[in-house]
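Architecture at a glance
Single-letter residue listing:
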Amino acid sequence: DGDHAGQFGDHAEAAQIVQLGRVIVEAQPGALQRVAVQADGQILLGGGFTSVGGTGRNYIARVAVDGTLDGGFNPDANSNVYGVSVQADGQLLLGGGFTSVGGTGRNYIARVAADGTVDAGFNPNANGPVYSVALQTDGRILLGGQFGTVGGIARSFFARLVNDSATQSLTIPSANRVEWLRG
């Protein structure tokens, strides 16, 4: 009917993005696990793939609205990316089964700049896979997954990180709260 179509979610049966009736990206069934759209319309893809359109991209990629791969964006996770969220400032939050992004050690959660470079100051350090990453309207970060700790503090399956633009530090003030503050 000419409308945008496609189905996404956890373990999509047919992993393809369809725009105005034409396929713009294809992946193996089940390989595309998360899709997010940036403010500029570019599309972020996360999952269990190692290439997009024949070009090597490990588990995270970005394509333009017309489906062309963004050749300058390559965060290079070392395992699946299950969660992708776009912050208001354009930075990207990634959750997954990875322990490295861009060659930098990041256990299951990472933040990258819009160009794909790892945010060196953000390292919540979950001890197990992060399957879901979401942002609250106040900028706080919600994590869901198969972890027992975040930042060394007990957090069974769910954590909320404070994301305040006034400073830039990760603090764990008590066993009940993990704060991530950035500037």
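Located above this text is the structure these notes cover.
Now for a description of the structure that goes with this document. (Residues numbered from 1 in each chain as written. Predicted model: local features only at pLDDT ≥ 70, side-chain atom pairs only at ≥ 80, totals over all residues. Heavy atoms only, no water.)

**Looking at the nonpolar core**
Val 81, Val 84, Leu 94 and Phe 98 are the most contacted members of the largest nonpolar core, which has 14 residues in total. Elements with a contribution of two residues or more to this core: strand 8 (81-86), strand 9 (92-96) and strand 12 (109-112). In this structure, Tyr 108, Phe 122, Ile 141 and Leu 143 belong to the second largest nonpolar core, which totals 13 residues. (Core = buried A, V, L, I, M, F, W, Y, C linked by side-chain atoms within 4.5 Å. Buried < 20%, exposed > 50% of the residue type's maximum accessible area, 1.4 Å probe, protein only. Helix = DSSP H or I, 4+ residues; strand = E, 2+ residues; numbered from the N terminus.)

**So, unusual backbone geometry**
Located in the positive-phi region is Tyr 59, a residue other than glycine, with phi close to 75°. Mapped onto the elements, Tyr 59 comes out in the loop between strand 6 (55-56) and strand 7 (60-63).

**Thoughts on the pattern of salt bridges**
Where charged atoms from two side chains of opposite charge come close, those side chains can pair. With the rule as written, the count across this model stands at three salt bridges. Arg 62 is the salt-bridge partner of Asp 70, the closest N and O atoms lying 2.7 Å from each other. A single burial state applies to Asp 70 and to Arg 62, both of which are buried. The salt bridge partner of Arg 111 is Asp 119, with a shortest N-O separation of 2.9 Å. Residues Arg 111 and Asp 119 agree in their burial class; the two are buried. (Salt bridge = Lys/Arg side-chain N within 4 Å of Asp/Glu carboxyl O.)

**Section: the packing of aromatic side chains**
Counted by the stated rule, this structure contains one aromatic pair. Both rings, one in Tyr 82 and one in Tyr 131, keep their centres 5.0 Å apart while their planes meet at 55°; by these two values the pair is tilted. Here Tyr 82 is found in strand 8, whereas its partner Tyr 131 is found in strand 13 (residues 130-135), with 49 residues between them in sequence. (Phe/Tyr/Trp six-rings, centres within 6.5 Å; stacked < 30°, edge-to-face > 60°.)

**Quick word on the sheet that holds strand 9**
Ordered by their spatial adjacency, three strands build an open sheet running 8-9-12, and the pairing between neighbours is antiparallel. Every interior strand has two partners, whereas the edge strands, strand 8 and strand 12, have only one. Direction aside, the axes of adjacent strands within the sheet are offset by 20° on average. As paired elements, strand 9 and strand 12 share four bridges and run antiparallel to each other. By the bridge assignment for strand 12, Gly 95 is matched with Ile 109. (Pairing = 2+ DSSP bridges. Axes fitted to C-alpha atoms, helices over the stretch in contact; angles between N-to-C directions.)

**Some details on the sheet that holds strand 7**
Within a sheet, adjacent strands bond to each other through the backbone by hydrogen bonds, running parallel or antiparallel. Strand order in the open sheet formed by three strands is 3-4-7, and the pairing between neighbours is antiparallel. Since the sheet does not close on itself, it has two edges, and those belong to strand 3 (32-37) and strand 7, each with one partner. On average, each strand axis in the sheet is inclined to that of its neighbour by 25°, with strand direction left out of account. Bridge count for strand 4 (residues 43-47) against strand 7 is four bridges, and the pairing is antiparallel. Directly across from Leu 44, in strand 7, lies its bridge partner Arg 62.

**Details of the environment of Ile 60**
Among the secondary structure elements, Ile 60 is positioned in strand 7. Residues Ile 60 and Thr 50 lie 10 residues apart in sequence; the distance between their C-alpha atoms is 8.4 Å. Sequence-distant contacts of Ile 60, defined by excluding residues within four places in its chain, comprise Leu 45, Gly 46, Phe 49, Phe 73, Pro 75, Asp 76, Ala 77, Val 81, Val 84 and Leu 94. (Contact = heavy atoms within 4.5 Å.)

**A closer look at the side chain of Arg 111**
Mapped onto the elements, Arg 111 comes out in strand 12. Overall, Arg 111 belongs to the buried group, its relative accessible area being 0%.

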